[in-house]
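# Architecture at a glance
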Amino acid sequence: MRLVLLGPPGAGKGTQANMLKESLSIPHISTGDILRERVKDNSPIGRKARQFISQGELVPDDIVIEIVMDRLKAADVKSGFMLDGFPRTRLQAEALSRALKKLNISIDLVVYFKTQPETSIRRLGGRRICSQCQANYHVQNMPPQKQGICDQCGGALYEREDDKEETVRNRLDVYFRETAELIDYYREKGLLRTLSGDKEAKEVFAILMALFKQEGLMPSCQ
Ligand code: AMP
């Protein structure tokens, strides 16, 4: 299954991708995660991206497109993939479409997590992330069993610098300015399916599984 998860920051895309990874056995490709890794390693790409990320601005298209094109060459994407946080601009969407065409494959569905800005702000304010496996938690809605420790891998949890309220507000502005037009872009291609990202994670997960079955993307026994 090849999916694009679309929606504003804090819509729950990463949370769902983490939950879906188990059920679908396909890799979760998050450009945000990859960029943060590059920043941590202080690689040339990381040094270029750092400033944009900390201000909640988009990293330039050419950098992000190159990262995704490289990732799509890996063997594990043969079984499918979930793209989370990419594409974020029309240029990125067009680059993706060209790349997939060359590989003779296409996107099955674009799931749009329609979410109120207040939900994003509330969620990102309490978000904690695993420094090792990138699993997402929330101090109130989805706390780990042991405070500060990831349930899945035992890694230390941390708070993202760009989850400060002021930066989140800028990330939302950037989303509406640069990314929201992709909703129509994918709707016109007949790929868009919309769900409410305001609902709780478990409920969204159930909606997603039902959607995949309805779309014939999963055997009905699963
Ligand atoms: P995310 O983890 O998806 O919220 O992304 C965190 C930050 O990484 C964003 O605010 C951007 O600065 C950068 N980023 C992630 N994905 C992209 C993308 N597709 N295009 C441009 N910048 C991106």
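The structure this text deals with has already been given above.
Summary of the structure given here. (Residues numbered from 1 in each chain as written. Predicted model: local features only at pLDDT ≥ 70, side-chain atom pairs only at ≥ 80, totals over all residues. Heavy atoms only, no water.)

### Points about the sheet that holds strand β5 (residues 127-130)
The condition is simple: At least two DSSP bridges between two strands are needed for those strands to be called paired. Numbered from the N terminus, helices here are DSSP runs of H or I no shorter than four residues, and strands are runs of E no shorter than two. Contact definition: two residues touch when any of their heavy atoms are within 4.5 Å. Axes, fitted as lines to C-alpha atoms, cover a helix only where it is in contact. Angles between the N-to-C directions of the axes lie from 0 to 180 degrees.
Pairing is antiparallel in the open sheet, where three strands are placed in the order β6-β5-β7. The sheet is open, and its two borders are formed by β6 (136-138) and β7 (157-158), each paired with just one other strand. Each of β5 and β6 touches helix α6 (residues 117-125); the most contacted strand, β5, lies at about 55° to it.

### Topic: the packing of aromatic side chains
Formally: Each Phe, Tyr or Trp ring, with Trp reduced to its six-membered ring, pairs with another whose centre is within 6.5 Å; inter-plane angles below 30 degrees give stacked pairs, above 60 give edge-to-face pairs, and intermediate values give tilted ones.
In the structure shown here, the tally under the stated rule is two aromatic pairs. Aromatic pair Tyr-175 and Phe-176: ring centres 5.1 Å apart, planes at 75°, arrangement edge-to-face.

### Some remarks on the packing of helix α2 (residues 31-41) against helix α4 (residues 61-71)
Relative orientation and spacing of two packed helices are given, respectively, by the angle between their axes and the distance between those axes. This is how it is decided: Any angle that is under 35 degrees is reported as roughly parallel, and any over 145 degrees as roughly antiparallel; angles of 65 to 115 degrees are reported as roughly perpendicular and all others as oblique. By the convention adopted, Pro, Cys, Tyr, Trp, Phe, Met, Ile, Leu, Val and Ala count as nonpolar, Lys, Arg, Asp and Glu as charged, and the other residues, Gly among them, as polar.
Contact pair α2 / α4: the axes reach a minimum separation of 11 Å and the direction vectors enclose 105°. It follows that α2 is roughly perpendicular to α4 by the angle criterion. Of α4, the residues touching α2 (which contributes Thr-31, Ile-34, Leu-35 and Arg-38) are Val-64, Ile-67 and Val-68. Tallied by class, the residues present in the contact of α2 with α4 amount to five nonpolar, one polar and one charged.

### A look at the sheet that holds strand β8 (residues 192-196)
Taking strand neighbours across the sheet as the criterion, the five strands line up as β2-β3-β1-β4-β8 in an open arrangement whose pairing is parallel. Looking along the sheet, the strands with just one partner apiece sit at the ends: β2 (28-30) and β8. Here the strands of the sheet are splayed against their neighbours by 20° on average, with no regard to which way each runs. Pairing of strand β4 (residues 109-114) with β8, which is carried by five bridges, proceeds in the parallel orientation. In the strand pairing of β8, Lys-114 is matched with Ser-196.

### Details of unusual backbone geometry
What counts is decided by this rule: Only protein chains enter the area calculation, which uses a 1.4 Å probe; residues under 20% of their type maximum are buried, those over 50% are exposed, and those in between are partly exposed.
The amide bond that connects Phe-86 to the next residue, Pro-87, takes the cis arrangement and shows omega of -5°. With respect to the element layout, Pro-87 can be found in the loop between β3 (81-84) and α5 (90-102). A positive phi angle, close to 50°, is found at Ser-25, a residue other than glycine. Residue classification places Ser-25 among the exposed positions, given a relative accessible area of 55%.

The values are spatial; any link to function lies outside them.
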